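A look at the structure
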Amino acid sequence: MALEAGVVAQISKREPQAVETFGDWDYVTHQVLASPFKPLKWADRMDLFGYAHIPGYRTITRYLVAELKKGDAIPDDVDQVMKYVDWVKDVYANSDYGMIHAFLVAARFPTQTRDRHKRGHERNYTIGRRPARLETWRSLRLVTYQWQDGQLRFTDVKP
């Protein structure tokens, strides 16, 4: 919870290092339901969820999905965040993966997790009509964190 609170606070306050890593978001929250209706004790929850508007309008242009791990990320964590990405695509983004920016945040990413990320996070989808276009979504970023000088510091993991 401390990691969630720290990331939400830094994004909400638009701290430069958080904005550089995650982007600028109009709304960010944590523990949002991400599964069909079922008893709450079995419901899936996204660690972070947010969205951004078109400047000056109420129209949402993009969504934030993030899964946070307090230690090492394991390969199944990539699958977990992709399940949330698929949920947001279906429920919020009108089947448009292009609106989703996803992050897996952990202290470390072992080789097996990086390998799963390389081969397991792409999604192909069709957008538009006449002509319809086939697009490939590759917007799951791996981010490490560390506590430094009284705040979280983030670093992108290069594939």
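This text gives an overview of the structure that appears in the document. (Residues numbered from 1 in each chain as written. Predicted model: local features only at pLDDT ≥ 70, side-chain atom pairs only at ≥ 80, totals over all residues. Heavy atoms only, no water.)

This next bit is on the pattern of salt bridges. All chains considered together, the criterion is met by twelve salt bridges. Ionic pairing is found between arginine 14 and aspartate 24, a salt bridge with its closest N-O pair at 2.5 Å. Of this pair, arginine 14 sits in the loop between helix 1 (2-12) and helix 2 (16-22) while aspartate 24 sits in the loop between helix 2 and strand 1 (27-33); the two residues are ten residues apart in sequence, bridging distant segments of the chain. Overall, the relative accessible area of 35% leaves aspartate 24 in the partly exposed class. Note that glutamate 67 and lysine 69 form a salt bridge whose closest N and O atoms lie 3.1 Å from each other. For the pair shown, glutamate 67 and lysine 69 are each scored as buried. A single salt-bridge network, built from bridges that share partners, covers Arg14, Asp24 and Asp26. (Salt bridge = Lys/Arg side-chain N within 4 Å of Asp/Glu carboxyl O. Helix = DSSP H or I, 4+ residues; strand = E, 2+ residues; numbered from the N terminus. Buried < 20%, exposed > 50% of the residue type's maximum accessible area, 1.4 Å probe, protein only.)

Let us look at the sheet that holds strand 2 (residues 45-53). What the six strands build is an open sheet, ordered 1-2-3-4-7-8; its pairing is mixed. Only two strands of the sheet have a single neighbouring strand rather than two, namely strand 1 and strand 8 (151-156). Strand-to-strand, the axes of this sheet are offset by a mean angle of 30°, without reference to chain direction. For strand 7 (residues 140-148) and strand 8, the ladder comprises six bridges, and the chain directions are antiparallel. Looking across to strand 8, one finds that valine 143 is bridged to aspartate 156. (Pairing = 2+ DSSP bridges. Axes fitted to C-alpha atoms, helices over the stretch in contact; angles between N-to-C directions.)

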